[in-house]
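Here's the letter readout for the chains.
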Amino acid sequence: GLALADRDICVLAALALKQCLPQVRRHTKGALKIGLTPRTIVEVFVHCGLYGGFPTIENSIAVAHEVFREEGLEVEAEPDTDESLDELEAQGQALLGELHGERGTQGYASPDNPVTGGLYGMAVQYGYGWLWHRAGLDRRQRMLIALAAFTVLGLESQLRKFSRSALDVGLSREEIIEAVMQTAPYGGFPGTLNALAALEEVL
C-alpha cells in the first residue's frame, strides 16, 4: 500500500525526530541503496526541524554527511532564494489555504489569536512560505513526513488536521494509514495505535 521509498522517508523522519542517530546512519545508507538522493535525504531532516526543533536538523544532517563522505557522494547545492518576509508571508498564506482550507485559520492558527498569533505568523512564513517550497521533496513527500512526525511526537490534533489535507495532495486513504503504521517499530506501537485511532475518526 506504500512504495518502499515512501516508507523510507517515514522511517528517516521518525528516527531523526527520536534522535536515534546510530539508526539514522544505518537507514541513510539504506535509503541511498534504494535510490533516494542525498538532497532528498537532507530535505527529510530539514523538514523535520519544523516539527521537532532545529537541533534535529543539525544532528541528523551531520550524521548523513558522514555517510555521504564515506560513499563518495556530494549533496546537490541548494538554489539561492531571496524572498522578502512579505513574499514569504504571501506564499505561506496561499499554501496554507490550499492545503488546509478553513482549518488553516482555526484555533491556535487563527491570525487573531492574541497568544499564538506571533509565533504562528513565523510558522506561516518559515514553514508554509519557505520550507514547503524548497527543492528536493514534493508536497506529497512532505506530507508523508508530517504524518510520520505527528505520529512519533504524539501530536494527534495536528495529525487529524494534516490527514485530511493529505488526501488533497494525492495520498490515498491506504497510503495515509500505511505511513502512520510504518513508524511503529521506530516510535513505539502504543503511540502509533493512538494515531491510527485518530485516523479512523477522520478518514
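Source: prediction; values computed, not measured. The residue numbering used here restarts from 1 in each chain and proceeds along that chain's sequence as written. For this predicted model, a pLDDT threshold of at least 70 governs which residues receive local features, and a threshold of 80 or more governs which side-chain atom pairs are given and counted, while totals over whole chains, interfaces and linings are taken from all residues. Excluding hydrogens and water, the side-chain figures rest on all heavy atoms present in the structure.

### As for the packing of helix α2 (residues 21–33) against helix α4 (residues 54–70)
Angles shown run from 0 to 180 degrees and are taken between the N-to-C directions of axes, each axis being a line fitted to C-alpha atoms and, for helices, limited to the stretch in contact. Every helix listed is a DSSP run of H or I at least four residues long, and every strand listed is a run of E at least two residues long, numbered separately from the N terminus. Put simply, α2 and α4 touch, their axes get as near as 9 Å, and they point 45° apart. Considering their axes alone, α2 and α4 lie oblique with respect to each other. Here α2 runs over α4; the crossing is right-handed. Listed contacts from α4 to Leu21, Val24, Arg25, Thr28, Lys29 and Leu32 of α2 are Asn59, Ser60, Val63, Ala64, Glu66, Val67, Phe68 and Glu70. Considered class by class, the residues forming the contact of α2 with α4 number seven nonpolar, three polar and four charged. An angle counts as roughly parallel when it lies under 35 degrees, as roughly antiparallel when it exceeds 145, as roughly perpendicular when it falls between 65 and 115, and as oblique in every other case. Crossing handedness follows the turn of the near helix against the far one: under a right angle anticlockwise gives a left-handed crossing, and clockwise gives a right-handed one. Contact criterion: two residues are considered in contact whenever any of their non-hydrogen atoms come within 4.5 Å of each other. The classification used treats Ala, Val, Leu, Ile, Met, Phe, Trp, Tyr, Cys and Pro as nonpolar, Asp, Glu, Lys and Arg as charged, and all other residues, Gly among them, as polar.

### Considerations on unusual backbone geometry
The phi dihedral of Gln19 is positive, around 55°, even though this residue is not glycine. One can find Gln19 in the loop between α1 (4–18) and α2. For Gln19, a relative accessible area of 27% translates into the label partly exposed. Here's how the labels work: a residue is buried when its accessible area is under 20% of the maximum for its type, exposed when over 50%, partly exposed in between, all with a 1.4 Å probe on protein chains only.

### With respect to helix α3 (residues 38–52)
Expected span, for any helix, means 1.5 Å times one less than how many residues it has. With 15 residues, α3 should cover 21 Å at 1.5 Å per step; its first-to-last C-alpha distance of 21 Å lies within 8% of that length. Downstream of α3 by a residue or two, Gly53 has a phi angle that is positive, lying close to 100°.

### Re the pattern of salt bridges
Salt bridges, as used here, are contacts in which a Lys or Arg side-chain nitrogen is within 4 Å of a carboxyl oxygen on Asp or Glu. Applying the stated criterion across every chain yields a total of 12 salt bridges. A salt bridge links Arg7 to Glu178; the shortest N-O distance between them is 2.9 Å. Within this pair, whereas Arg7 is found in helix α1, its partner Glu178 is found in helix α9 (residues 173–182), the two being separated by 171 residues in sequence. The class of Arg7 is buried, set by a relative accessible area of 18%. A salt bridge links Arg39 to Glu43; the shortest N-O distance between them is 3.2 Å. Of this pair, Arg39 and Glu43 both sit in helix α3, four residues apart, which is roughly one turn of the helix. One exposure class covers both Arg39 and Glu43, and it is buried.

### Considerations on the packing of aromatic side chains
Note on aromatic pairs: the rings of Phe, Tyr and Trp (six-membered ring only in Trp) are paired at centre separations within 6.5 Å, and the planes decide the class, stacked below 30 degrees, edge-to-face beyond 60, tilted for the rest. A full pass over the atoms with the stated rule returns five aromatic pairs. Look at Tyr128 and Trp132: their rings are 6.4 Å apart centre to centre, the planes differ by 20°, and that puts the pair in the stacked class. What makes Tyr128 buried here is its relative accessible area of 7%.

### Concerning a negative patch on the surface
Patches here are clusters of residues that have more than 30% relative accessible area and form no salt bridge, with a 9 Å joining cutoff for like charges and a 5 Å cutoff for nonpolar side chains (Val, Leu, Ile, Met, Phe, Trp, Tyr). For the accessible areas, the method is Shrake-Rupley and the probe is 1.4 Å, while residue cover comes only from the protein chains on display. A positive count includes Lys and Arg, and a negative count includes Asp and Glu. His and the chain ends are not counted in either. To locate a charge, take NZ of a lysine, CZ of an arginine, CG of an aspartate or CD of a glutamate. The grouping of Asp80, Asp82, Asp86 and Glu87 at the surface amounts to a negative patch. For Asp80, the position within the fold is in the loop between α4 and α5 (85–100). A relative accessible area of 80% places Asp80 in the exposed class.

### Concerning α9
Inspection of α9 places Glu175, Ile176, Glu178, Ala179, Val180 and Gln182 among the buried residues, and these make up the whole buried set. Buried positions along α9 lie against α1, α7 (139–152), α8 (156–168), α10 (184–187) and α11 (189–202).

### Observations concerning the side chain of Ser60
When you line up the elements, Ser60 lands in helix α4. N or O atoms closer than or at 3.5 Å make up a polar contact, with two conditions inside protein: a donor-capable atom paired with an acceptor-capable one, and, for residues adjacent in sequence, both atoms drawn from side chains. There is a polar contact of 2.9 Å between the side chain of Ser60 and the backbone oxygen of Thr56. Ignoring anything within four residues of it in the chain, the contact list for Ser60 reads Ala16, Gln19, Leu21, Val24 and Phe45.

### Describing the side chain of His100
Along the chain, His100 turns up in helix α5. Residue classification places His100 among the buried positions, given a relative accessible area of 2%. Residues contacting His100, with those up to four places away along its chain left out, are Tyr128, Lys161, Phe162 and Ser165.

### Some points on the packing of α3 against α4
With their axes 7 Å apart at the nearest point, α3 and α4 run at an angle of 165° to one another. By the angle class used here, α3 and α4 are roughly antiparallel. The hand of the α3/α4 crossing is right-handed. Between α3, through Pro38, Ile41, Val42, Phe45, Val46, Cys48, Gly49 and Gly52, and α4, the contact on the second element is made entirely by Phe54, Thr56, Ile57, Ser60, Ile61, Ala64, His65 and Phe68.

Structural measurements only, silent on function.
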